[in-house]
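A structural walkthrough
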Amino acid sequence: MATISLQEIAQHDKKDDLWVILYGKVYDLTQFLPEHPGGQKIILKFAGKDATKAFERQHPPSIIDQYLSPDVCIGQAEVNNEEEELQEEETEEDKRVKLAREKMPRLEEMYNTFDFESVAKNILKADAWGYFNSGANDEISMRENHNAFHRIWLRPRVMVDVANIDMTTKMLGDKTSFPLYISATALNKMAHPDGEKTLAVAAGNQGVIQMIPTLASYSIDDIVGARIHPDQPQWFQLYVHKDRSIAKRMVEHAESKGIKGLFITVDTATLGRREKDMRQKYVHEGPAELQGEELNREGGVATASSGIIDMTLNWKDIAWFKSITKLPIVLKGIQTWEDAVLAARYGCAGIVISNHGGRQLDFAPSPIEILPEVMDALKREGLENSLEVYIDGGIRRGSDIFKAIALGAKGVGIGRPTLYAMAGYGFKGVEKLLQLYQDELEMCMRLMGARTIADIKPEMVDTRNLKDHFVANPTDYLAKNAYEKMVPRGNISKL
Ligand SMILES: Cc1cc2nc3c(=O)[nH]c(=O)nc-3n(C[C@H](O)[C@H](O)[C@H](O)COP(=O)(O)O)c2cc1C
């Protein structure tokens, strides 16, 4: 491999002629630039320079071979012995985060999922918060996902022996301690240096299943390697690459690593418009001369994602997936009963009713709202036993899990809460978060007169208001708190 001088590399710093250094190798990213799911600006920032540090903050080294063809690597960068490693300067943002971390409440002070969100808002860098917390457009679907649970009330049964509560269940054939799994969220290193490995540890300790994302910050090998039990089940979420040989390689690799379920994301033909995320990126990233770039980013993001994700994905492809893997296939992102019925007819093992946490199509309905019509349709067609139905989006309380199970879900997924918990408190935070969900579900089951998951029945919930979007929602004071300042430790007495 030819050695290229730093001087030469520095000259290739333009959009139509773009080289960067990663791990000592020189890559010509001119063609890849419009395809980068994270946008063009971050790559342009390092045009002609060494991008390794910034790259490492989000991606595993293995992603280079996964997404770039070998001919994009054009040589070895000359080693710069003279230049001392530049110390990164502490920014105002770094100082703010440091201070906020010092004042963070103790883990024992976290009483519910919203507490973790409040802490995360303060201690995360603005770009990470913007990325995690954002929803599409006006964020109506994002808020509705949780709010819809407020329109379901409970019908508690009493005089039931509830001394022993058993919350265990099976999902895709594997046992879990309660019917909740950790859903796939990309780029976990933005929340915690150990990223998805943190979730593997917490999931193992709490007996729940983790879904590994395609766009993880660590390689699938690292995340599988971080499990604490050799037989700890994990699933793999797939964004279908338009180059099917890449998609096939990913699936085969996941299967060879002992992954137990393939979750194909089907709601992302193009990326939703997440304005909070865009705004943070505009303010916090890159030199001023590149910011005009970002102003035109809408088209850029859409084009970017379409560069990688296969927009032609359709029902006929299920047969292709079945031909390349024995893993149970679950479609993540089903949003109508019609598509649920089709998924069953095409032989999928399951579906996740999901609107991607309200990050894709604003005004897509909340998953809990369409769960009953999905279950009705599957029954009507005699398909209710042919696939497992999961939901995710806005699950923030144990009672939310109860309501979803009552309406027919086999289990529920959570996205943002795990990011917030690990941002503040690492794997211990995620374990506490999972424990809180579990404790709340246990209490809910006890007070509802349900001893086991199988005892949770549709007649235990009152859904008469579920469709009425015009009724006043109870104000969610606790969730609202996430958008206000937390009282720093030691100041409680001043309240
Ligand atoms: C920051 C973030 C990144 C996400 N990344 C992915 C992803 O890479 N693939 C995917 O299928 N879903 C992704 N999702 C969606 C989640 O899997 C899940 O559907 C959603 O977060 C559930 O809603 P909740 O955050 O309200 O719990 C992401 C969600 C968030 C918040």
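Summarised in this report is the structure supplied together with it. Here the structure is a predicted model, which is why all the values come from computation and not from measurement.

1. What to know about the overall build of the chain
- Looking only at helices and strands, one finds 20 helices and 17 strands in the chain.
- In the chain, buried positions account for 54% of the 495 residues.
- A sequence separation of at least 24 residues applies to 76% of the contacts in the chain between residues at least 6 apart.
- On the chain, roughly 22900 Å² of surface is accessible, and the fraction owed to carbon and sulfur atoms is 53%.

2. What to know about the site of the ligand
- Neighbouring the ligand are 23 residues; Ser183, Ala184, Thr265, Asp392 and Arg396 lie closest to it.
- One of the side-chain nitrogen or oxygen atoms of Lys332 is found 2.9 Å away from a nitrogen atom of the ligand.
- For the ligand, an oxygen atom lies 2.8 Å from a polar atom in the side chain of Asp392.
- For the ligand, whose unbound accessible area comes to 600 Å², protein coverage reaches 99%.
- Going through the elements one at a time, α7 (126-133) and α19 (416-448) are the ones with two or more residues in the shell around the ligand.
- For the shell around the ligand, the leading source of residues is α19, giving three residues.
- Residues belonging to the shell around the ligand are distributed by class as follows: eight nonpolar, ten polar and five charged.

3. Thoughts on the side chain of Asp174
- Mapping Asp174 onto the fold places it in strand β8 (residues 174-176).
- By relative accessible area, Asp174 is classed as buried at 15%.
- Among the polar contacts made by the side chain of Asp174, one reaches the side chain of Lys260 at a distance of 3.3 Å.
- The residues contacting Asp174, other than those within four sequence positions of it, are Thr169, Ile209, Pro233 and Lys260.

4. A closer look at the sheet that holds strand β11 (residues 234-238)
- Reading around the circumference, β9-β10-β11-β12-β13-β14-β15-β16 is the order of the eight strands in this closed barrel, with parallel pairing throughout. Pairwise comparison of adjacent strand axes, ignoring direction, gives a mean angle of 30° for this sheet.

5. What about the sheet that holds strand β2 (residues 13-14)?
- If you walk across this open sheet you meet the five strands as β1-β5-β4-β3-β2, and the pairing is mixed. With one partner strand each, in any of the chains shown, β1 (3-4) and β2 form the two edges of the open sheet.
- One ladder, built from three bridges, connects strand β4 (residues 25-28) with strand β5 (residues 73-77); its direction is antiparallel. Residue pairing for β5: Lys25 is matched across the bridge by Gln76.

6. Concerning unusual backbone geometry
- A positive phi angle, close to 45°, is found at Leu172, a residue other than glycine.
- Locating Leu172 in the fold gives a position in the loop between β7 (169-171) and β8.

7. Describing the packing of helix α9 (residues 195-206) against α19
- The interhelical angle for the contact between α9 and α19, taken along N-to-C directions, is 20°, at an axis separation of 10 Å. Considering their axes alone, α9 and α19 lie roughly parallel with respect to each other. α9 and α19 meet at a crossing whose hand is right-handed. Where α9 approaches α19, its residues Gly195, Thr198, Leu199, Val201, Ala202, Asn205 and Gln206 are matched on the opposing element by Thr418, Met422, Gly426, Phe427, Val430, Glu431, Leu434, Gln435 and Gln438.

8. Notes on α7
- Most of α7 is tucked away, with seven of its eight residues classed as buried.
- Along α7, the residues that are buried comprise Ala126, Ala128, Trp129, Gly130, Tyr131, Phe132 and Asn133.

9. Focus: the pairing of strand β16 (residues 411-414)
- Here β16 shows no split at all, with Gly411 and Gly413 on one side and Val412 and Ile414 on the other all buried.
- Note that strand β15 (residues 388-392) and β16 share three bridges and pair parallel. Pairing of Ile391 across the sheet is with Val412, part of β16.
- For the handedness criterion, the β-α-β arrangement of β15, helix α18 (residues 398-406) and β16 is classed as right-handed.

10. Some thoughts on the packing of α18 against α19
- Between α18 and α19, whose axes approach to 7 Å, the crossing angle comes to 60°. When the axes of α18 and α19 are compared, the pair comes out oblique. The element α18 and its partner α19 pack so that their crossing is right-handed. Residues Gly398, Ser399, Ile401 and Phe402 of α18 form the contact with α19, whose own contacting residues are Tyr437, Glu440, Leu441, Cys444, Met445 and Met448.
- Class assignment for the residues of the contact of α18 with α19 results in seven nonpolar, two polar and one charged.

11. Considerations on the environment of Asp17
- By the element assignment, Asp17 lies in strand β3 (residues 17-22).
- Sequence-wise, Asp17 and Leu29 are twelve residues apart; in three dimensions their C-alpha atoms are separated by 8.0 Å.
- Beyond its immediate stretch of four places on either side in the chain, Asp17 contacts His12 and Thr30.
- Here the side chain of Asp17 touches His12 through a polar contact of 2.8 Å, side chain to side chain.

The rules we used
- Residues numbered from 1 in each chain as written.
- Predicted model: local features only at pLDDT ≥ 70, side-chain atom pairs only at ≥ 80, totals over all residues.
- Heavy atoms only, no water.
- Helix = DSSP H or I, 4+ residues; strand = E, 2+ residues; numbered from the N terminus.
- Buried < 20%, exposed > 50% of the residue type's maximum accessible area, 1.4 Å probe, protein only.
- Contact = heavy atoms within 4.5 Å.
- Areas by Shrake-Rupley, 256 points an atom, 1.4 Å probe, with all protein chains shown as cover.
- Near = heavy atom within 4 Å.
- Polar contact = N/O pair within 3.5 Å; in protein donor to acceptor, adjacent residues only side chain to side chain.
- Nonpolar A, V, L, I, M, F, W, Y, C, P; charged D, E, K, R; others polar.
- Pairing = 2+ DSSP bridges.
- Axes fitted to C-alpha atoms, helices over the stretch in contact; angles between N-to-C directions.
- Parallel < 35°, antiparallel > 145°, perpendicular 65-115°, else oblique.
- Left-handed = near helix turned anticlockwise from the far one by under 90°.
- Right-handed = clockwise from strand over helix to strand, strands pointing away.

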